[in-house]
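# Structure at a glance
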Amino acid sequence: MLLFVALFLPLYPLSAVQNLILMRLRTPVARAALLLLWPQIGVALLYVLRLEIPAFVVIWALLSAAFYALRLLTVRDLRLWASLLSSSALALTWGLVAHGADIAQLSLFVIWLSLPAALLVLLTGPVVRRLGAAYAGLYAGIVEHQPRLAVILTAVVLCTVATPPFPGFFAMLDLLRDLSSAAALGVLGIWLIWGWSATRLLQGFVVASSSREIDAPDLGRGGMATYVVALFIFAAASLHFTGGGL
Amino acid sequence: MDKLIVLLPALPLLSAVINALLPNNKRRRVARISIGSATITLLLAAMTLVEYLCVPQPTLVWLGVHWGSLYLDPLACIMTLGVASINLVVHVYSARYMAEESGYTRFYVLLDLMAAAILLMVTAGDLITLLLAWNLIGVLLYFLLGHDTRRATAQRYAFWTFFTYRLGDLPLILAAVLLVQAYHTLSLPLLFERIAAAPEAHTAFGLPLMTTAGLLIALAGFARSAQFPLHTWLPYTMEGPTPVSVLMHAGIVNAGGFLINLFAPVFVYAGDVLHLLFAVGLITALLGSVLMLTQNDVKKALGYSTMGQMGFMFVECGVGAFSLAIYHLIAHGLFKGTLFLSSGGVIGDARKHDGVPHDDVYTFVVERRPVASRLPWVAAAVITVVVPIAVLGLSHWLVGSHFVGQQGAVVLLFFGWVTGAQLLFATYRLRAESPWRTMAMVILSLVVVVAGYTLIAHAFDLFLYPDRALSARIFAAASIPLTTFEILVGILTLSIVSGWLATYYTNDKGDKRNDNPSELRLAFYSLVSREFYVADVYAWMNQVVLHLSRRLNVWARWV
């Protein structure tokens, strides 16, 4: 049963299933839906099955998260990056599970970490339409030609790696509070690598000059406004739920 | 008072939002909005300080339920005024300096956000607000340093800075988590009360919690204030725009000293960590100064000078002189900011005037002035060794006769002694028409500076630490056994006196330049010119991790 739940709250190698399905899906909306719903199934199963969680699962989860975090460093495909980041982040849910968190706490934790990845996957649509591929380094320096797209891409990537004031930051603090000191050290190391990989990804898209000419329109004002509102609501909701005002 | 505190970080944030949202923004309007907000913020900071001086009572304002609080105590009052002042200078300077650059609005938006984040950090009343602001500063600095998106070097060094800052963020997060787990509160004033009530009730990683938390906080400070070996990012951040260099060297890099002061109630019970601060600070000060002397680029030399100054700041913390570290960081911020802003002018002047002094024959025959001379070396050596320690000792004795009993104060006297002696030696080497008069004028200036410095530092200490018992306990925590201390003082005194006598003697006998430097000297020079290979080691480690990542991806077939 534990292995069955580990399919949805991904632990390597079972996490490969989610990543494979995500890569096979054609549309960004379907991929985003998968990223959002898949881990919630895991949370629901945990609630229904009421499993006893052995201590080794937390170690397994940390190793799994670290494995995916390390791999993120050299991934250039935006879709794959979002997928692997989601696998790394969601594996950490087991830390909360082992500590006996209730279903509401688990469900929120999963939303805070999977929604940014889903937003990023959605963003691959506009990126592919404009650049031909969502691939870091292919067309660098989009901030010069498509500043709105660059701003949104940067904000969403920062959101995915749990940068304040986005909810992932508070979710990570919540998790760290419930872990042992040694496990907390491991989680902090994983968090550090997320930040590192995010800067590598952004440097492949947003900054630096590219030898290829970009001849595509910027993200429309409406599209930008949609993303800004979504991110704002997301951040505001997290401030509300964590008790930081709003 | 409550509204004023909230407005301090809120105003720059509002300015950033307005500038980001206004359609078809003109450059002049962007600068006006931003400078206007920076001016009002400075006025607000001054008002809060005046209000605190009138009613010296700390204020805690809660904006949220569990976190989101602002706390105004003497430290926050001083820091907000310092930050707001430098922020305004940078804003005004940038209006013209950045006029030809692309991304003008983006630059001002980031500058405003940075001001908001720093002001939030210095007024944070709880751990989560502090962590939030502390983390945001690193992220915003990354984008400010990489403002020129087409320069690969700017991006590379912005990344170095970001990574080092993230490395420093994590120990602070862990320290906060451990403190919350042990004392069950996020509020900083309440946390410090509970620590004072039961400082030794908890352990972490097999050590007393205060030692572990102090160590983690110190690590966060080391990364942010470029302490060895986490210093490599600092000199290279010159690749960013000059206003950002000013903001960083005059403000952000000093955050380590602020953090140590903020957590002073933790360090009272972590004497061993204070000794570590002293050691790391001393090594950083020495290496920063050595590296500064070998640079041929004025901005990079300033960068290493900042590293050295940050080392001194940590030395001050290490000996328990916490308030002096705050005075140091503000004074350093102001003079380093001035140096950066005038560095372009200095380079321009250097292009017009070669600065090579005329020789004696030219001075005598062409300029018809008497040939310059020096003092007798024995007299100069005695003045160099005796005068600074006498001036420093007397001025400290005047503000507090008990200072001799504080080990930290004595250690700082040594630094002052060496600095004063350095000044007098430089005066001796100057060669002047009337060397006695020149020496007398310099000694008079030294007296004025030292007396002013001592008085201001004393006033700072009284303002920042009105609880004299806490100040005394910090000094006590930083102390080492008296016998060891006295032996060290004896050795140091002997080294300094004999070192200066030897220097004067060698100088007087003529320092014949050795055209064939020894192998050892060459090896040392190459070590310094490669900046002790620290950056190379980091680059190698970076490549190893990236190689591992690629191998893992190939092995796992990208799923």
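Just so we're clear, the structure is a prediction, and the values are computed from it rather than from any experiment.

## Focus on the overall build of chain A
Each helix and strand counted, chain A has 12 helices and 0 strands in total. The N-to-C order of helical and strand elements in chain A reads α-α-α-α-α-α-α-α-α-α-α-α. By the compact-globule yardstick of 18 Å for 246 residues, chain A fits well, its C-alpha radius of gyration being 18 Å. Structurally, chain A occupies a C-alpha span of about 55 × 40 × 30 Å along its principal axes.

## Focus on helix 4 (residues 56-72) of chain A
Under the 1.5 Å per step criterion, the end-to-end length of helix 4 of chain A is 24 Å for 17 residues, consistent within 8% with the ideal 24 Å. Turning to helix 4 of chain A, its buried residues number three or more, namely Val 58, Ala 61, Leu 62, Ser 64, Ala 65, Tyr 68, Ala 69, Leu 70, Arg 71 and Leu 72 of chain A. In this fold, the buried residues of helix 4 of chain A make contact with helix 2 (15-24), helix 5 (78-91), helix 6 (93-98) and helix 11 (181-205) of chain A together with helix 23 (534-555) of chain B.

## Side note on the interface of chain A and chain B
Taken residue by residue, the interface counts 38 residues in chain A and 40 residues in chain B. Among the elements of the structure, helix 2, helix 4, helix 8 (142-145), helix 10 (167-178) and helix 11 of chain A are those that each provide at least two residues to the side of chain A that touches chain B. Ranked by the residues each element gives to the side of chain A that touches chain B, the list is headed by helix 11 of chain A, at 10 residues. Of the residues that constitute the side of chain A that touches chain B, the class distribution is 22 nonpolar, 13 polar and 3 charged.

## Let's talk about the packing of helix 2 of chain A against helix 5 of chain A
Residue and element names in this part refer to chain A. Between helix 2 and helix 5, the least distance of the axes is 10 Å, while the angle of their chain directions is 155°. One finds that helix 2 runs roughly antiparallel with respect to helix 5. Helix-helix and strand crossings are classified by hand; for helix 2 and helix 5 the assignment is right-handed. Judged by residue contacts, Ser 15, Gln 18, Asn 19 and Leu 22 of helix 2 engage Ser 83, Leu 84 and Ser 87 from helix 5. In the contact of helix 2 with helix 5, the residues fall into 2 nonpolar, 5 polar and no charged.

## Focus: the packing of helix 3 (residues 74-97) of chain B against helix 10 (residues 242-250) of chain B
Residues and elements named next belong to chain B. Packing of helix 3 against helix 10 leaves a shortest axis separation of 9 Å and a crossing angle of 170°. The angle between helix 3 and helix 10 places the two elements in the roughly antiparallel class. Contact residues: helix 3 offers Ile 86, Val 90, Tyr 93, Ser 94 and Tyr 97, while helix 10 offers Thr 242, Pro 243, Val 246, Leu 247 and Ala 250. Each residue belonging to the contact of helix 3 with helix 10 can be placed in one class, and the counts come to 8 nonpolar, 2 polar and no charged.

## Things to note about the nonpolar core
Residues and elements named next belong to chain B. Ranked by internal contacts, the top residues of the largest apolar core, which has 250 residues, are Met 114, Ala 117, Ile 137, Leu 140 and Phe 267. Sort the elements by how many residues they give to this core and helix 6 (residues 152-183) lands first, with 19 residues. Discounting residues that sit within four places of it in the chain, Phe 267 has contacts with Gly 214, Ile 260, Val 273, Leu 274, Ile 474 and Ala 477. Listed in part, the 15 residues of the second largest apolar core include Ala 380, Ala 381, Leu 392 and Trp 500.

## A closer look at the environment of Leu 113 of chain A
Residues and elements named next belong to chain A. Along the chain, Leu 113 falls in helix 7 (residues 103-131). For Leu 113, a count of 25 C-beta atoms within 10 Å translates into the label buried. Those residues in contact with Leu 113, other than ones at most four positions away along the chain, are Ala 89, Leu 90, Gly 168 and Ala 171.

## Quick look at the pairing of strand 1 (residues 59-62) of chain B
Residue and element names in this part refer to chain B. Direction of pairing for strand 1 relative to strand 2 (residues 69-72): antiparallel, over a ladder of 4 bridges. Bridging across to strand 2, Trp 62 finds its partner in Ser 69. Here strand 1 folds back onto strand 2 in antiparallel fashion, the turn holding 6 residues, of which Gly 68 has a positive phi close to 95°.

## Details of helix 13 (residues 271-293) of chain B
Every α-helix carries 3.6 residues per turn, so stepping three or four residues along brings you back to the same face. All names here are of chain B. With 23 residues, helix 13 extends 33 Å between its outermost C-alpha atoms, agreeing within 8% with the 33 Å of an ideal straight helix rising 1.5 Å per residue. Regarding helix 13, the residues found buried are Val 273, Leu 274, Leu 277, Phe 278, Val 280, Gly 281, Thr 284, Ala 285, Leu 287, Gly 288 and Leu 291. Buried-residue contacts for helix 13 involve helix 8 (209-224), helix 12 (264-267), helix 14 (298-318), helix 20 (468-478) and helix 22 (519-529).

## Topic: unusual backbone geometry
The amide bond that connects Tyr 12 of chain A to the next residue, Pro 13 of chain A, takes the cis arrangement and shows omega of 5°. Residue Pro 229 of chain B follows Phe 228 of chain B across a cis peptide bond; omega there is 0°. Along the polypeptide, Pro 229 of chain B turns up in the loop between helix 8 and helix 9 (233-236). The backbone of Glu 531 of chain B sits at a positive phi, close to 55°, despite the residue not being glycine. Looking at the secondary structure, you find Glu 531 of chain B in the loop between helix 22 and helix 23. On the basis of neighbour count, Glu 531 of chain B is assigned to the partly exposed category, with 18 C-beta atoms found within 10 Å. Within the chain, Tyr 533 of chain B stands out as a residue other than glycine whose phi angle is a positive 60°.

The rules behind each value
Residues numbered from 1 in each chain as written. Chains lettered and ligands numbered in written order. Predicted model: local features only at pLDDT ≥ 70, side-chain atom pairs only at ≥ 80, totals over all residues. Helix = DSSP H or I, 4+ residues; strand = E, 2+ residues; numbered from the N terminus. Rg over C-alpha atoms; globule rule 2.2 N^0.38 Å. Expected span 1.5 Å × (residues − 1). Buried ≥ 20, exposed ≤ 12 C-beta atoms within 10 Å, placed from the backbone. Contact = placed C-beta atoms within 7 Å. Nonpolar A, V, L, I, M, F, W, Y, C, P; charged D, E, K, R; others polar. Axes fitted to C-alpha atoms, helices over the stretch in contact; angles between N-to-C directions. Parallel < 35°, antiparallel > 145°, perpendicular 65-115°, else oblique. Left-handed = near helix turned anticlockwise from the far one by under 90°. Core = buried A, V, L, I, M, F, W, Y, C linked by C-beta atoms within 7 Å. Pairing = 2+ DSSP bridges.

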